[in-house]
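Structural description and commentary
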Amino acid sequence: MSVSFALTESSLLQKNAYPADELMPLSCRGRVRGQEPNRGDIDESLGKFSLTLIDTLDTLVVLNKLDEFEDAVRKAVSDVRLDNDVVVSVFETNIRVLGGLLGAHVMADLLRQRGERMQWYQDELLHMAKELGHRLLPAFNTSSGLPYPKVNLRYGVLNPLSRTGTESDTCTACAGTMILEFAALSRLSGESVFEENARKALDVLWERRQRGSDLVGTVINIHNEEWVRRDSGVGAGIDSYYEYLMKAYILLGDNVFLDRFNVHYSAIMKYISQPPLLLNVHMHNPTVSVRSWMDSLLAFFPGLQVLRGDLKPAIETHEMLYQVTKQHKFLPEAFTTEFRVHWGQHLLRPEFAESTYYLYKATGDPYYLRVGQSIVEKLNAYARVPCGFAAVQDVRTGIHEDRMDSFFLAEMFKYLYLLFSEKSQLPIDIDEYIFTTEAHLLPVSLSTTKPSCQGNNTEAAPVFQEEDLFSHSCPSMETLFPNNPSFAKTIRDGYKYLTGVGRAFQPLPIREIELPLQDSSMEPLEFLKSMGISLMPLNEAARSSIQKDQKGVYHVKLVAEIKQTPEEEEVVPHVVQLISPPFLGRTVLTAGPAKFGMDLTKREHGLKGSILKASPYTACGEIVNAQELRGQIALALRGDCMFAAKARRLQEAGAVGVIFIDHHEGSNSEETPLFQMVGDGYATDDIRLPLVFLFSREGAVLTAALEEHQNVDVLLLPKERQLGHDNVEKSVGMNIRLRLAKEEVGVEGPTLEFLLSEGEALVREEEQQQFCTESSGKDPPELCSTTASSQTLSSDGRLLPAP
């Protein structure tokens, strides 16, 4: 199954996208940075270096497509340039491009040594990797040793032409996910500088851990080494830091990395792991969870636990993730602890497939083959498009994005193929390699065949901790599963119906009890749910079959007022209304509100102001156009950092409001449900700005207006209060009285009178009856009467039923 995937994608990539960085599967063309609408930080993976080609080179070898591999290596050597004047993410360029070049070099060297092919190869990919390594090194030029998050491939950092170097923060994973690629590069090239810098960054993160909990935060200042975000988990922002500590020990044989990993792992299992959940906590107060949702990147963690030899929690968390995919087709980018969608996007991420592969290899349980089959089937059913596989904008709607990241081919195909393949079918011995976080293959023999460069042995004080069976050894299937093939199933069964999907209905007998929930301030249904009690309505047939003497099921009577609570919190639609010429209020863009900042529903006339793009557009670094922004409504692109962080920077710059624009291309309010922006897990009382969110398509209208007219004034306000909506139909209570001219009127209050003067012909009784018969069923039937009191008149003069 996965073979046909890869063949199709390889040919489509060559036909429609080469030499672009990515394939756009809906447009059937390549994505070239600068030629497509800017997507903000997402585009910092693109460096005009044929990203997808390089990222997928060693995948071709795993799939035994050696002719295609050799052709692709020739293309990379002849066509790819690494000196482009473009700002790229240090993290993404390291794991995708440097890792891709090193993995491909290892494969090319192996094939050359076998004497069967690649005899022309003279380490060109290694030379390219060394060149790229030197282009990334300027990022490490900080007082702390933590790297800048971005670098210009041609001009480095802090160069007048580099357009980077103003950033002060980086994520823990960004700084801590360099050691595999940089150490491999040092050992293959003989230049120690790469491994030295990667080790120093890891040393800083280790020293800055919270000593009481042994946890690290998510974002750290690269200059003063202070934590900027102190929430701690195993998902986005931290994930591959932990992964690389474990894998650095496997690749390099250095006990320092294993000791550090074991300390962190004990803390994770003590504070973050709440089987089957993995929850973010505050690093200084780890008994406090800081959010009620999980992100999809943590799906790699069960695979890491397999490497650690801790199978039980790996099986538990993996099963929870599988149940979520059964409920939503794919893993949403984030989902709540009740397994509802938090962020609906699905980028075809491979982490769940990765953990599935590791669990199958560790257990041999065919259950995980069936999980892998479900991944393939859902990709084919819900993501496959004529020119590839498209990311899903929202798992609730199934709408696609014109996006197929390189990791889909580099990782997803590789793990799925390996899952369904026997070792004898592979052209390499897969057990001789360690997977990087991008699934590139580095030989574990590096620690012996290519010893550490001088000065690259990290000195560390001994770490004392409780040790278990696998603290200093590789896990063994014989030890983990001594004659017990049902081990994994026994663990899974406890989480089989975690989300409620797949549970068969079995009518059960009834026994009546009453729960007097008198506290009307508490939602009784939620209270019962917290006790593990689920309620469902009984139809009449079920009620009639209930026997009083049946045992085992409870008939619950709630003595409290109950109202249906919607699953999703109600979102009050807002608008961005363009009011300056030539728009004059006619252009109205639907927007989502925020749960923090100024509440526009309590501001009678909304907020009026001129709009201006923030610089940087993501507002995740120092605002360089603060003087121009003062008194203006700022436009900022979603991504790279939290909404609250952007809002604080723009508030400090003097902006009076913020319009955030989605960086997910093609998203729009017609096809995607509105949501409320949330804070960053900390107090947001200091944010006083009004904040609204526009999807990509509505945002494009706004930015196009700004580009064309330079000065654009807008109103931010709830949708129901937008200009021009003052004439919304309102029901007006009014008395209507039909009378003869001489008749007295005794009705108080506003009265509309229909006066019938003397001498006018009246409808005779029999004619009136006929009229009523003929108009039966027509609106309004009250016209059949000569008097109609207490009617209602709408603003357009239509009679409405009495209130």
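Residues numbered from 1 in each chain as written. Predicted model: local features only at pLDDT ≥ 70, side-chain atom pairs only at ≥ 80, totals over all residues. Heavy atoms only, no water.

Some remarks on the overall build of the protein chain
Along the backbone of the protein chain there are 25 helices and 33 strands. Residues counted as buried form 53% of the 803 residues belonging to the protein chain. Split by element, the accessible area of the protein chain, about 36700 Å² in all, is 50% carbon and sulfur. (Helix = DSSP H or I, 4+ residues; strand = E, 2+ residues; numbered from the N terminus. Buried < 20%, exposed > 50% of the residue type's maximum accessible area, 1.4 Å probe, protein only. Areas by Shrake-Rupley, 256 points an atom, 1.4 Å probe, with all protein chains shown as cover.)

Overview of the nonpolar core
Core analysis: the largest hydrophobic core is formed by 155 residues, its most contacted members being F69 and L379. Here the element with the most residues in this core is helix α5 (residues 90–114); it accounts for 12 residues. (Core = buried A, V, L, I, M, F, W, Y, C linked by side-chain atoms within 4.5 Å.)

Looking at the packing of helix α13 (residues 311–328) against helix α14 (residues 351–363)
Taken N-terminus to C-terminus, the directions of α13 and α14 make an angle of 135°; their axes are 11 Å apart at the nearest point. Between α13 and α14, the interaxial angle falls into the category oblique. In this structure, the crossing between α13 and α14 has a hand that is left-handed. Taking contact as the criterion, the partners of L311, A314, I315, H318, L321, Y322 and T325 in α13 are, on α14, F352, S355, T356, L359, A362 and T363. Here the contact of α13 with α14 is composed, by residue class, of eight nonpolar, five polar and no charged. (Axes fitted to C-alpha atoms, helices over the stretch in contact; angles between N-to-C directions. Parallel < 35°, antiparallel > 145°, perpendicular 65-115°, else oblique. Left-handed = near helix turned anticlockwise from the far one by under 90°. Contact = heavy atoms within 4.5 Å. Nonpolar A, V, L, I, M, F, W, Y, C, P; charged D, E, K, R; others polar.)

Re the UniProt feature "active site" (unreviewed entry) in the protein chain
The sites that UniProt annotates as "active site" (unreviewed entry) are E92, D239, E333 and E351. Looking at the element boundaries, D239 is found in helix α10 (residues 239–252). The residues contacting D239, other than those within four sequence positions of it, are A173, V234, L297 and F300. Looking at where E351 falls in the secondary structure, it is placed in helix α14. Among all residues touching E351, those that are not within four sequence positions of it are S296, L297, A299 and F300. (UniProt positions renumbered as here; feature names shortened; annotations may be inferred.)

As for the state of the cysteines
A covalent bond bridging the sulfur atoms of two cysteines is what the word disulfide describes. In this structure the tally under the stated criterion is three disulfides. What pairs with C171 in a disulfide is C174, and their sulfur atoms sit 2.1 Å apart. Since a negative S-S torsion denotes a left-handed disulfide, the C171-C174 link at about 90° is right-handed. Taken individually, C171 and C174 each receive the classification buried, so the pair is uniform in this respect. Note that C620 is cross-linked by a disulfide to C641, the S-S spacing being 1.9 Å. Handedness of the C620-C641 disulfide follows from its S-S torsion of about -90°: it is left-handed. Of this pair, C620 sits in the loop between β24 (607–613) and α22 (626–629) while C641 sits in the loop between β25 (633–637) and α23 (643–652), and the two are 21 residues apart along the sequence. (Disulfide = S-S within 2.5 Å.)

As for helix α24 (residues 696–709)
Between its first and last C-alpha, α24 extends 20 Å over 14 residues, near the 20 Å set by a 1.5 Å rise per residue. Among the residues making up α24, those that are buried are S696, E698, G699, L702, T703, A705 and L706. (Expected span 1.5 Å × (residues − 1).)

Re helix α4 (residues 66–79)
Taking 1.5 Å per residue as the helical rise, α4 with its 14 residues ought to reach 20 Å, and the 20 Å between its terminal C-alpha atoms agrees with that figure. As for α4, its buried residues are in contact with α2 (51–55), α3 (57–62), α5 and α6 (124–136).

Description of the pattern of salt bridges
Tallied over the full model, the rule gives 39 salt bridges. Ionic pairing is found between R117 and E70, a salt bridge with its closest N-O pair at 3.7 Å. With R117 in the loop between α5 and α6 and E70 in helix α4, this residue pair connects regions lying 47 residues apart in the sequence. Looking at E70, the relative accessible area reads 13%, which means it is buried. (Salt bridge = Lys/Arg side-chain N within 4 Å of Asp/Glu carboxyl O.)

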